[in-house]
Structure formats: C-alpha cells, structure tokens
Amino acid sequence: MDTSNPAVFVNGHLIPNFIGKKVRAVVQVNQCDGGVATAKSSDDCQLTIKGLPEVPLLNYIEVIGIAESSNSISAEVWTDFGNTFDTNSYNQLCQLANGEFKSLFL
C-alpha cells in the first residue's frame, strides 16, 4: 500500500483547508452530466465533483481526488456506497481524523 500521499478525510466544511491536496469525501449525488456531478456532502454542503462517470442519482459515493476549490473535487478514484449511508458517523470520523487523532490517519 502506497502511503506517500494519503488522502485526508473531509466533509464540506473541511475542504477549504486542503485546496490543492488529496482528499477523501463521501457525497450524495444529486445530478450527473458529462463527467461533472453536483453532490451534497455528508454535512449538507453542495459540492462539484469532476471526472465521474454516470453515477445513480441519490447514491452515496466516496470520492478520492484533489480539492480544486472550497467546493470542488477533481476525482481520481470513486466507490459507490449505494443509497444508504450513515453521514453522522462519517462526520464524526472527519472530526477525529482532523483533530485529536490526526496522527493515526496521516
């Protein structure tokens, strides 16, 4: 496993702290057109995800890619999690991974 460039766990509010860096986020796809998706982050922020194939609407996906702006990620890898996902637990994970237990995640 390559650990030289880990992806930081983020939600919508944390993305601005990592512009230009590799991030990992779970989003719910609201619209997908020609490789660009509009999605809702686990903490209800609207994000644009670039580089996605067609994804079923309202499915949750984990996207790993580069944070291009405070509300945009350029996807490198994505995984479809289906239409149910515990966003509250994911938000807690993001807080732990960027706070007190950061050293365990990077």
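As a reminder, the structure under discussion sits directly above these lines.
Residues numbered from 1 in each chain as written. Predicted model: local features only at pLDDT ≥ 70, side-chain atom pairs only at ≥ 80, totals over all residues. Heavy atoms only, no water.

Enquirer: Which residues make up a nonpolar patch on the surface, and what values go with them?
Expert: On the surface, a cluster of nonpolar side chains totalling about 300 Å² of accessible area is made up of Leu96, Phe101 and Leu104. Take Phe101: it is sitting in the loop between α1 (87-97) and α2 (102-105). (Patch = residues over 30% accessible without salt bridge, like charges linked within 9 Å, V, L, I, M, F, W, Y side chains within 5 Å. Areas by Shrake-Rupley, 256 points an atom, 1.4 Å probe, with all protein chains shown as cover. Salt bridge = Lys/Arg side-chain N within 4 Å of Asp/Glu carboxyl O. Helix = DSSP H or I, 4+ residues; strand = E, 2+ residues; numbered from the N terminus.)

Enquirer: I'd love a proper account of the pattern of salt bridges, names of residues and values included.
Expert: Under the criterion given, the structure shown has four salt bridges. Across the salt bridge formed by Lys22 and Glu76, the nearest N and O atoms sit 3.5 Å from each other. Taken together, the residues span a long stretch of sequence, with Lys22 in strand β2 (residues 22-33) and Glu76 in strand β6 (residues 72-82) at a distance of 54 residues. Across the salt bridge formed by Glu68 and Lys50, the nearest N and O atoms sit 3.0 Å from each other. Pair noted here: Glu68 is in strand β5 (residues 60-69) and Lys50 is in strand β4 (residues 46-50), with a separation of 18 residues, a long-range link. Here Glu68 falls in the partly exposed class, since its relative accessible area comes to 38%. (Buried < 20%, exposed > 50% of the residue type's maximum accessible area, 1.4 Å probe, protein only.)

Enquirer: Lay out the packing of aromatic side chains with the relevant residues and their values.
Expert: Aromatic ring pairs: the centre-centre distance and the angle between the two ring planes describe each pair. Counted by the stated rule, this structure contains five aromatic pairs. The interplanar angle of 35° and the centroid separation of 5.8 Å between the aromatic rings of Tyr60 and Phe85 together place this pair among those described as tilted. Of this pair, Tyr60 sits in strand β5 while Phe85 sits in the loop between β6 and α1, and the two are 25 residues apart along the sequence. Owing to a relative accessible area of 14%, Tyr60 belongs among the buried residues under this scheme. An aromatic cluster of at least three residues, connected via ring pairs, comprises Phe9, Tyr60, Phe81, Phe85, Tyr90 and Phe105. The ring of Phe9 carries Arg24 above its face, with NZ or CZ at 5.3 Å from the centroid. (Phe/Tyr/Trp six-rings, centres within 6.5 Å; stacked < 30°, edge-to-face > 60°. Lys NZ or Arg CZ within 6 Å of the ring centre and 35° of its normal.)

Function-wise, these values are silent; they only describe arrangement.
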